[in-house]
Structure formats: C-alpha cells, structure tokens
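# Observations on the three-dimensional arrangement
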Amino acid sequence: MKHLHRVSLCITVLGLMMIGFAPAAFAQQAKLIQENQALDQQWLEAFNRSDLDGVMKHYWNSPNLVTIFPDGKVNKGWNETRQALQQFFDQIEWHRLEFTDGGHWVSGKDVYGWGIGTHTIKWKNGPETKVSLHSTDVRQKIGGKWVYVRDHVGAVPPDTSPRPTDSLYKRLGGYDALAAVTDDFLGRLLGDPQLKKFFGGVSTNSAQRIRQLVVDQLCAATGGPCFYIGRDMKASHAGLGISESDWDRAVAHLVDTLNKFMVPEREKSEVLAALSGLKKDIVEK
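Residues numbered from 1 in each chain as written. Predicted model: local features only at pLDDT ≥ 70, side-chain atom pairs only at ≥ 80, totals over all residues. Heavy atoms only, no water.

What follows is about the overall build of the chain. The helix and strand inventory of the chain stands at 11 helices and six strands. For the chain, long-range pairs separated by at least 24 residues make up 67% of all intrachain contacts whose partners lie at least 6 apart in sequence. Per element, the accessible surface of the chain, about 14400 Å² overall, is 53% carbon and sulfur. (Helix = DSSP H or I, 4+ residues; strand = E, 2+ residues; numbered from the N terminus. Contact = heavy atoms within 4.5 Å. Areas by Shrake-Rupley, 256 points an atom, 1.4 Å probe, with all protein chains shown as cover.)

Moving on: the packing of helix α6 (residues 175–190) against helix α7 (residues 204–221). Geometrically, a packed helix pair is captured by the angle between its two axes and the distance between the axes. In the contact formed by α6 and α7, the axes pass within 9 Å of each other and the chain directions differ by 130°. One element, α6, and the other, α7, form an angle in the oblique class. Taken as a pair, α6 and α7 cross one another with a handedness that is right-handed. Facing Tyr175, Leu178, Ala179, Thr182 and Asp183 of α6, the residues of α7 in contact are Arg211, Gln212, Val214, Val215, Asp216, Leu218 and Cys219. (Axes fitted to C-alpha atoms, helices over the stretch in contact; angles between N-to-C directions. Parallel < 35°, antiparallel > 145°, perpendicular 65-115°, else oblique. Left-handed = near helix turned anticlockwise from the far one by under 90°.)

Remark: α6 packs on helix α9 (residues 244–260), axes separated minimally by 9 Å, with the N-to-C direction vectors making an angle of 140°. Taken together, α6 and α9 sit at an angle that is classed as oblique. Here the hand of the crossing between α6 and α9 comes out right-handed. Listed contacts from α9 to Val181, Asp184, Phe185, Arg188 and Leu189 of α6 are Ala250, His253, Leu254, Asp256, Thr257 and Lys260.

Grouped together as the largest cluster of nonpolar side chains are 21 residues, with contacts concentrated most on Trp43, Phe47, Val55, Tyr59, Leu85 and Phe89. Top element by residues in this core is helix α4 (residues 78–90). It accounts for five residues. Look past the residues within four positions of Phe47 in its chain and what remains in contact with it is Val55, Leu85, Phe88, Phe89, His95, Leu97 and His119. Counting 16 residues, the second-largest nonpolar core is a separate cluster that includes Leu195, Phe199, Trp247 and Leu278. (Core = buried A, V, L, I, M, F, W, Y, C linked by side-chain atoms within 4.5 Å. Buried < 20%, exposed > 50% of the residue type's maximum accessible area, 1.4 Å probe, protein only.)

Moving on, we get to the pairing of strand β3 (residues 92–107). Here 14 bridges tie β3 to strand β4 (residues 110–123), and the two strands are oriented antiparallel to one another. Each bridged residue has a counterpart across the sheet, and for Ser107 the counterpart in β4 is Asp110. Connecting β3 to the antiparallel partner β4 that follows it, the hairpin turn spans two residues, and Gly108 within it adopts a positive phi of roughly 60°. (Pairing = 2+ DSSP bridges.)

Across the sheet, which stays open at both edges, the six strands sit in the order β2-β1-β6-β5-β4-β3 with mixed pairing between neighbours. Of all strands in the sheet, those bounded by a partner on one side alone are β2 (74–76) and β3. For this sheet the average axis-to-axis angle between neighbouring strands, irrespective of direction, equals 25°. Alignment of strand β1 (residues 66–68) against strand β6 (residues 145–154), held across three bridges, turns out to be parallel. Residue pairing for β6: Val66 is matched across the bridge by Arg150.

A few words now on the pattern of salt bridges. Enumeration according to the criterion identifies 12 salt bridges in this entry. Glu35 is the salt-bridge partner of Lys31, the closest N and O atoms lying 2.6 Å from each other. Here Lys31 and its partner Glu35 are both found in helix α2 (residues 23–48), four residues apart, which amounts to about one turn of the helix. Since its relative accessible area comes to 43%, Lys31 is described here as partly exposed. A relative accessible area of 23% means that Glu35 is categorised as partly exposed. (Salt bridge = Lys/Arg side-chain N within 4 Å of Asp/Glu carboxyl O.)

For the rest of this paragraph, the subject is α7. The end-to-end C-alpha distance of α7, which contains 18 residues, comes to 26 Å, matching closely the 26 Å that a straight helix rising 1.5 Å per residue would cover. Of all the residues in α7, the buried ones are Ala207, Ile210, Arg211, Leu213, Val214, Val215, Asp216, Gln217, Leu218 and Cys219. Residue Gly223 follows α7 closely and has a positive phi angle near 95°. (Expected span 1.5 Å × (residues − 1).)

This paragraph deals with the side chain of Asp192. Summarising the element assignment, Asp192 is placed in the loop between α6 and α7. For Asp192, a relative accessible area of 2% gives the class buried. If we skip the residues at most four places from it in the chain, Asp192 touches Arg249 and His253.

What follows is the structure, encoded as structure tokens:
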C-alpha cells in the first residue's frame, strides 16, 4: 500500500478517530480474527501433509464455493475443488507451502484473509520447483462453522506498482485496503490508555456504523465509488476536550499504521504535514 498522501485522506483518518467506537466491537473483531488465524494454521498443516479430507473440511460444502488455484483453473463447487486438489496430490512426491506474510480483517459477516509465500514441490518423475504465491480468501460462518466461500491462489504476484494516472483509491489498493488502514489505526487508538476514554458509551451497532462511515469517507475522498454522509471534523469533536497531548499520541499511532503498510517516507511526510491544519478543529485545550 503506497502513496497515502492526499489531504482529504489524512483528514478522514485522524479527524474521525475519537467519535465513539465501543471497545466491545473491536474485541469481537479481534476474536474472529484469532479464530480464523487458528483455522489457517490447521489448513496449512493438513495441506502440507497432503491430507485431502483435512483440507476440504475448511471449504464450504456447496456448489457456490469458488476456488482458483495457481494453474488458473476456476473450480466451481466443493466437488470440483476436491478433484483439483486430489489431482495435485497425486502428481507430487512431497511439497511444502510456507507463508512469509499475511493478515485478516472483518467486514460484516465475512472475514478476509491474504498471504504471501512460497511453495516448494517435488513432482513425481519431474524436477523440484519453487514458486512465489499470493493468496486471498473469504470465510463465512455457515452452520456454526467458519469455512472458505472463496479462495484464490496465484503463482505470479500481480503488478501493484501505482501509475500516475490511477486514482488514489486504486493506487492504495481499493476498498479493502482502506478498510484495513482504518481498522489498524482505530485499533491502536482504542488500545491506548490515554485515548480510550474517548471511545466509550456507544453500542456495538453504532460503533460498526461509525466505522463504516470512516471507510466510506476514505473511499470517497480518494476517488472511489462511495458517498460520505457524516459530520465535519469540528462538529464531530466539539466538547470532547481533546488536548495537545492527546493529539500527539494519535499522530504517533498514525505513523505506526503508515509504517505497517509501508508508506514511503516522502508520502508519509506529506500526510503528517497536511494534518497540522486539522488541530484547530480537533484540539480544544
């Protein structure tokens, strides 16, 4: 994720940081992510054992399941996915899939996952090969159990280098990327002992609605297909009593988020410079 440097984006992320997110909402999201991280590990261990049944129990047993594997074939349904995996396992002597990076985020009833890794394969009557992989997947809780409803693994990472003619929305990675930035930054604020006092007294439903407004404003401000209907920064923060110290801690958390998403130094500096004009609408004492 690169080039996070428009003023409108900065205003949204920092300006809506203290408008009442309930701790319970973030705790629930963290719980869902932890559950899916554990399932990821179970899937990976079964896959590396070539345990077909162990792998397939993680997929939605439905004709609506969609999987795409590195050969580019689109498998529609549980049966086609099983057949594709069985064919792969039959062609190899051994293999090892390892992920070097990855993450999750929650959106509504879905848990999204992404990963980057390598797959080393020793083929029967063939050479040993090693390929780089990127993966994206979506899980839903169906029948009381988390299952993949979509899974896409590609052998060649896509070219994500930003182009000067692309909208900022596209260069940042689109809607899901902006949602990930929002969740990471707000999660840091919520976990700060000094700032968490600004996040109480809101129901889980209201917190989810506010979070969605933040994402929608980010989307609209960066040229995406969204429309923001929330309040301006002054109205959102009036009466909260945000101090200079509170501001400084929030900016420090924003820097940590930008670093996590590997925003280049030049663009990061532009973000922080643009934020200086917001203090008059947010800081009250």
